[in-house]
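Notes for the structure review
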Amino acid sequence: MRTQRQVVDYSLQKRAVLRDVRSGRIGTLEVCDASPYLRNAATYHGEPIDERCPICRRENLTLVHYVYGDELKQSAGQARKLAELPVMAMTLREFQVFVVEVCRACAWNHLVERFVLGRDGLAAEETLHSGAMVSSGGGGSHRTGDSSHNGEVRR
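Note that the structure is predicted; figures quoted are calculated from it, not measured. (Residues numbered from 1 in each chain as written. Predicted model: local features only at pLDDT ≥ 70, side-chain atom pairs only at ≥ 80, totals over all residues. Heavy atoms only, no water.)

Looking now at the overall build of the protein. When you go through the protein residue by residue, the secondary structure sums to five helices and six strands. Helices and strands in the protein line up, N terminus first, as β-α-α-α-β-β-β-α-β-β-α. For the protein, the share of sequence-separated contacts (at least 6 apart) that also reach a separation of at least 24 residues comes to 58%. Accessible surface for the protein amounts to roughly 9900 Å². Of this, 51% is attributable to carbon and sulfur atoms. (Helix = DSSP H or I, 4+ residues; strand = E, 2+ residues; numbered from the N terminus. Contact = heavy atoms within 4.5 Å. Areas by Shrake-Rupley, 256 points an atom, 1.4 Å probe, with all protein chains shown as cover.)

Listed below in structure tokens is the structure:
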């Protein structure tokens, strides 16, 4: 997604948990503890992926996207379909998305990643892009000695 930023990937944490389960340090009941709400969200709002559950290996995993942000008001904390996120990103300034993988068969669940979406990312992207254009010497018209624009002198 175009405005995606501040991505945090939890795959190393997932590998550590799975290693502990396989070695017996953690029981499967401790990691297969998805709440009924999370399992329902996986059923009605989740996106199936082509990856088997690492615990039971019976069913493919489902990704659930939860959204949080001040502008969301009462809908903060709700699960959303992946197709809804780009529309939200263009209408809201900023919100966080938490992606959770869920096995509907054994209740395995783990936070996969977290990132920020929203229009504020477009402004930052444009600033970075225009800064790269100026530093590389490319693009646009050049003014010398003209201070009519907000007191700036452009070269």
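Ranked by size, the top nonpolar core spans 12 residues in total: L63, V67, L72, L85, M88, A89, L92, F95, V97, V99, F115 and L117. Within the residue set of this core, elements represented by two or more residues are β3 (60–68), α4 (84–91), β5 (95–102) and β6 (109–117). Apart from the residues lying within four places of it in its own chain, the contact partners of V67 are L72, S75, A76, G77, Q78, R80, L85, M88, F95, Q96 and V97. (Core = buried A, V, L, I, M, F, W, Y, C linked by side-chain atoms within 4.5 Å. Buried < 20%, exposed > 50% of the residue type's maximum accessible area, 1.4 Å probe, protein only.)

For the rest of this paragraph, the subject is helix α1 (residues 11–23). An ideal rise of 1.5 Å per residue puts 18 Å on 13 residues; α1 measures up with 18 Å between its terminal C-alpha atoms. For α1, every residue scored as buried is listed here: K14, V17, L18, D20 and V21. Angularly, the buried residues of α1 cover 160 degrees about the axis, an arc narrow enough to put them on a single face. Facing away from the buried side of α1 by more than 90 degrees, the exposed set consists of L12, R15, R19 and R22. Contacts from the buried residues of α1 go to α2 (28–31), β2 (47–52), β5 and β6. Positive phi shows up at G24, right after α1, with a value of about 90 degrees. (Expected span 1.5 Å × (residues − 1). Arc of directions from axis to C-beta.)

Let us now look at helix α3 (residues 36–45). For α3, the full list of buried residues reads L38, A41 and A42. For α3, the buried positions fall inside an angular range of 100 degrees around the axis, keeping them on one side. Within α3, the exposed residues directed more than 90 degrees away from the buried face are P36, Y37 and Y44. On the buried face of α3, the contacting elements are β3, β4 (78–80), β5 and β6.

So, about unusual backbone geometry. Unlike most non-glycine residues, K73 shows phi in positive territory, near 50 degrees. Residue placement: K73 occurs in the loop between β3 and β4. Classification of K73 as exposed rests on a relative accessible area of 60%. Even without glycine at this site, A107 takes up a positive phi of about 75 degrees. Position of A107 among the secondary structure elements: in the loop between β5 and β6.

Here R80 lies in strand β4. The buried category is assigned to R80, whose relative accessible area is 16%. Each residue touching R80, except ones within four places of it in the same chain, is listed here: H45, H65, V67, S75, L85 and M88.

Let us look at the pattern of salt bridges. According to the stated counting rule, one finds seven salt bridges in the structure shown. When the shortest N-O distance is used, the salt bridge between R25 and D20 registers 2.9 Å. Classification of R25 by relative accessible area gives exposed; the value is 58%. Here R104 makes a salt bridge to E59, at a shortest N to O gap of 3.4 Å. With R104 in the loop between β5 and β6 and E59 in the loop between β2 and β3, this residue pair connects regions lying 45 residues apart in the sequence. For R104, a relative accessible area of 36% puts it in the partly exposed group. Residue E59 is classed as partly exposed on the basis of its relative accessible area of 24%. (Salt bridge = Lys/Arg side-chain N within 4 Å of Asp/Glu carboxyl O.)

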